[in-house]
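What follows is each chain in one-letter form.
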Amino acid sequence: GEAGPSGCDSVCGSTAELDECGVCGGDGSSCHIYVDFSLGDAADGSLDVFMSNTHPIVGFQFDISGMSIDGASGGSAEDNGFVVGTGPNGALGYSVTGGSIPAGDGLLTSLSGSFDDYEACLVGLVLSVEGEGLHHYSTGDCAATDAVDLGCGYGEAGPSGCDSVCGSTAEL
């Protein structure tokens, strides 16, 4: 006789093995969850946040350093009925109906506000993702902004007084 069934698929002559995700004959990728963010142009108080995700997103929260945020609209968050709240430096998105943002690649939301640094960076990322596995998140590179420093720091008036010193009230 011939040998009986072999391999994890119980097929005669098979050499199939379980991969690291427990899938018979798998390539080891099914249990890895990838979510990558990137930032678009940061100009005129507007910043687009892009997301590429392999699994549905149930909720997200992040801060944007270098930006004071006063609104968010559009993108896959709005398309999927998410409420996106904003605060001085961050955004929080979730669905009140239990919905999710499906796997995909594109604009998550467009932020509005003002820039207070030469670059805006996505920091403090918190995600709620459908699916179990090994999570791999990337916040991407910072985006250069059109913020202007008049010499006394961001958001501060330029040199003043007759001595042209920051914060001076000196008079002639």
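Criteria and cut-off values
- Residues numbered from 1 in each chain as written.
- Predicted model: local features only at pLDDT ≥ 70, side-chain atom pairs only at ≥ 80, totals over all residues.
- Heavy atoms only, no water.
- Patch = residues over 30% accessible without salt bridge, like charges linked within 9 Å, V, L, I, M, F, W, Y side chains within 5 Å.
- Areas by Shrake-Rupley, 256 points an atom, 1.4 Å probe, with all protein chains shown as cover.
- Salt bridge = Lys/Arg side-chain N within 4 Å of Asp/Glu carboxyl O.
- Helix = DSSP H or I, 4+ residues; strand = E, 2+ residues; numbered from the N terminus.
- Buried < 20%, exposed > 50% of the residue type's maximum accessible area, 1.4 Å probe, protein only.
- Disulfide = S-S within 2.5 Å.
- Pairing = 2+ DSSP bridges.
- Axes fitted to C-alpha atoms, helices over the stretch in contact; angles between N-to-C directions.
- Phe/Tyr/Trp six-rings, centres within 6.5 Å; stacked < 30°, edge-to-face > 60°.

A. Fine view of a nonpolar patch on the surface. A contiguous nonpolar patch, built from Val-83, Leu-92, Tyr-94 and Val-96 and spanning about 340 Å² of accessible area, is present on the exposed surface. Secondary-structure assignment places Leu-92 in strand β8 (residues 90-94). Look at Leu-92 and you get partly exposed, because its relative accessible area is 40%.

B. Representation of unusual backbone geometry. Non-glycine residue Ser-10 carries a positive phi angle of around 55°. Mapped onto the elements of the fold, Ser-10 is located in the loop between β1 (5-6) and β2 (11-12). Residue classification places Ser-10 among the exposed positions, given a relative accessible area of 52%. Here the phi dihedral of Asp-44 falls at roughly 55°; this positive angle occurs in a residue that is not glycine. Note on Asp-44: relative accessible area 74%, which makes it exposed.

C. Quick peek at the state of the cysteines. A complete count under the given rule lists three disulfides for this structure. A sulfur-sulfur distance of 2.0 Å marks the disulfide that ties Cys-21 to Cys-31. On the S-S bond that ties Cys-21 to Cys-31, the torsion sits near -65°, and the link is left-handed. Of this pair, Cys-21 sits in the loop between β2 and β3 (32-43) while Cys-31 is found in the loop between β2 and β3, placing the two residues ten residues apart along the sequence. The class for Cys-21 is partly exposed, based on a relative accessible area of 21%. Linked covalently through their sulfurs, Cys-121 and Cys-142 form a disulfide whose S-S length is 1.8 Å. Since a negative S-S torsion denotes a left-handed disulfide, the Cys-121-Cys-142 link at about 110° is right-handed. Of this pair, Cys-121 sits in strand β10 (residues 119-129) while Cys-142 sits in the loop between β11 (134-138) and β12 (143-144), and the two are 21 residues apart along the sequence.

D. Structural view of the sheet that holds β11. If you walk across this open sheet you meet the five strands as β6-β9-β4-β3-β11, and the pairing is mixed. Looking along the sheet, the strands with just one partner apiece sit at the ends: β6 (67-73) and β11. Neighbour-to-neighbour, the strand axes of this sheet turn through a mean angle of 25°, independent of strand direction.

E. Up close: the packing of aromatic side chains. If you walk through the whole model with that rule in mind, you get three aromatic pairs. With a centroid separation of 6.2 Å and an interplanar angle of 5°, the aromatic rings of Phe-60 and Phe-82 are classed as stacked. In this pair, Phe-60 is assigned in strand β5 (residues 57-65) and Phe-82 in the loop between α1 (75-79) and β7 (83-86), connecting sequence segments 22 residues apart. On the accessibility criterion, Phe-60 (2% relative accessible area) is buried. In this structure Phe-82 comes out as buried when scored by relative accessible area, which is 8%. An aromatic cluster is present here, built from Phe-37, Phe-60, Phe-62 and Phe-82 joined pairwise through their rings.

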